[in-house]
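So the chains spell out like this:
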Amino acid sequence: MRMISKFVAPEIIFGLGALSQVGESALRLGATKLFVISDPGVVANRWVDRAIDRLKEAGLSFEVWFEVTSNPKDYEVIEGVKRYQDTGCDAILAVGGGSPIDVAKAVAILATNGGVIQDYEGVNKITRPLPPLLVVPTTAGSGSEVTQFAIIVDTRRKVKMTIISKSLVPDIAIIDPVVLQTKDARLTAATGLDALSHAIESFVSLAATPLTDVNALNAIRLVARYLRPSVACRSNLEAKSAMAMAALQAGLAFSNAILGATHAMAHQLDAQLDLHHGETNAILLPYVMEFNMIACVEKFARIAEAMGENIAGLSTWEAAERAIQAVRRLARDLDIPDKITVENLSEERINNLAQNALKDACIITNPRDVTERDLHNLFALALKRGIQVD
């Protein structure tokens, strides 16, 4: 056991109908005019309208901006900061999945620290306090509502920048499982498997602690039990509530234990090919687990048990293998492919992906030492089908 460990988390308001707490929460943060960041899909489902109703009830002013895309880009952050500053806002409310929340964090950084978002890539580069930040996640996956991470695409380099700082932990996270009912089955599956990848990578992370382990293991149990029914039925509030809790606990785990090679690799593929992050993680995870298993076979056995596998009478190695099999079976049940099909991806580009993944902050806590050749081989396994080598 580590002698010293740290654990950071925001104030968390969780439960059916929790969205009603937005106005009162903003008042407690001292906000007078909120910059509301979202995306077109969330706006279309009227979750932003419902949040705004609560701001109006609280007597607060607001400005809405919802031009955020999946895999959010550096130029979107620049536009968001300009709108924030031009409209005289003094606090930020993000209503959406991981993309709007990460852009909200990036806008908050530049609003008080200046410069460009590339200046803050890496760990602990933020020096000045951020504006008050309130978040309402509308997916059960990214965990960004509780983490000290923001992931933004550098469009010039075509890489996802990982920004890590305690300053990025939101002040208040309002988690209302009701909002998950408007997500379709594919998005529910991809985001749920994203939460599973957070839980597994943080559980085997070199920076894991007893505090992160308890959150990671419970997240794994909840995903294994409730993701299938959550995908199957939009109105199953028991499953939606469990998945919201799973994403929250996985977020708490990885915010404090960091992640591993799956995410280091996914960040590169998402930036290069504009893939859905959750689906990319779901495909990469079993390959990385096979690679990592010799480093943490006992922990993999515990993952198998948390996923509901019967490991009685098995050796530790056999039980660990069950964890990988369970992850693959869950993804297959949810119609997630086992390969990323791409065309015209040359060996040179795979080399470039491996080089960039080796520089990603998440690689530092992977439980097994990783070389550029290892990452190249893992990319080749996951991308094997459909590759056309130049």
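Reference entry: report on the structure contained in this document. Treat the numbers as computed from the prediction; the structure is a model and nothing was measured. Note on numbering: residues in each chain are counted from 1, in written sequence order. Under the rules for a predicted model, residues below a pLDDT of 70 receive no local features and side-chain atom pairs below 80 are neither given nor counted, while totals for whole chains, interfaces and linings still include all residues. Values shown for side chains rest on all heavy atoms present in the structure; no hydrogens or waters enter the calculation.

Some remarks on the overall build of the protein chain
In this description a helix means any DSSP run of H or I spanning at least four residues, a strand means any run of E spanning at least two, and both kinds are numbered starting from the N terminus. What the protein chain contains, in helices and strands, is 14 helices and nine strands. Note that the radius of gyration is over C-alpha atoms, with the globule rule given as 2.2 Å times the number of residues to the power 0.38. Relative to the 2.2 N^0.38 estimate, which gives 21 Å for 390 residues, the radius of gyration of the protein chain is 20 Å and therefore close to what a compact globule would have. Counting only C-alpha atoms, the protein chain reaches 60 × 45 × 45 Å along its principal axes. Per-residue burial for the protein chain yields a buried fraction of 59% across its 390 residues. Contacts spanning at least 24 positions in sequence make up 77% of the contacts within the protein chain whose residues lie at least 6 apart. Using a 1.4 Å probe on the protein chains alone, a residue whose accessible area is under 20% of its type maximum counts as buried, one over 50% counts as exposed, and one in between counts as partly exposed. Every residue pair with non-hydrogen atoms within 4.5 Å of one another is taken to be in contact.

Section: the sheet that holds strand 9 (residues 172-175)
Read from one edge to the other, the open sheet built from six strands follows the order 1-9-6-4-2-3, with strand pairing classed as parallel. Each of the sheet's edge strands pairs with one partner strand only, and the pair in question is strand 1 (11-14) and strand 3 (61-65). Across the sheet, the mean angle from the axis of one strand to that of its neighbour is 20 degrees, orientation sign disregarded. Summarising the sheet, strand 2 (residues 33-37) and strand 3 pair through five bridges and their orientation is parallel. The residue bridging Val36 from the neighbouring strand is Val64, located in strand 3. In the packing of helix 5 (residues 98-113) onto the sheet, contacts are made with strand 2, strand 3, strand 4 (91-96) and strand 6 (133-137), and the angle to strand 4 comes to roughly 165 degrees. Where helix 8 (residues 237-257) meets the sheet, it contacts strand 1 and strand 9, and its direction lies at approximately 170 degrees from that of strand 1. Here, any two strands with at least 2 DSSP bridges between them count as paired. Fitted lines through C-alpha atoms serve as axes, helices being fitted only where they are in contact, and the angles separating the N-to-C directions of these axes extend from 0 to 180 degrees.

Let's talk about the packing of aromatic side chains
Two rings belonging to Phe, Tyr or Trp (six-membered ring only in the last case) form a pair when the distance between their centres is within 6.5 Å. Interplanar angles under 30 degrees mark stacking, angles over 60 mark edge-to-face geometry, and anything in between is tilted. Counting across every chain of the model gives three aromatic pairs. A centroid spacing of 6.1 Å and a plane angle of 15 degrees characterise the contact between Phe35 and Trp65, whose relative ring orientation is stacked. Of this pair, Phe35 sits in strand 2 while Trp65 sits in strand 3; the two residues are 30 residues apart in sequence, bridging distant segments of the chain. As far as the burial class goes, Phe35 and Trp65 line up, both buried. Look at Phe35 and Tyr84: their rings are 5.8 Å apart centre to centre, the planes differ by 75 degrees, and that puts the pair in the edge-to-face class. In this pair, Phe35 sits in strand 2 while Tyr84 sits in helix 4 (residues 74-86), placing the two residues 49 residues apart along the sequence. Neither residue differs from the other here; Phe35 and Tyr84 are each classed as buried. Joined through ring pairs, the aromatic side chains of Phe35, Trp65 and Tyr84 make up one cluster. Sitting over a ring, as applied to charges here, requires NZ of Lys or CZ of Arg to be within 6 Å of the ring centre and within 35 degrees of the ring normal. Residue placement shows Arg328 over the ring face of Tyr287; its charged tip is 5.2 Å from the ring centre. Positioned over the ring face of Phe291 is Arg368, at 4.1 Å from the centre of the ring.

Quick look at the environment of Glu24
With respect to the helices and strands, the residue Glu24 is situated in helix 1 (residues 22-28). Considering only alpha carbons, one finds Glu24 and Lys158, 134 residues apart in sequence, at a separation of 40 Å.

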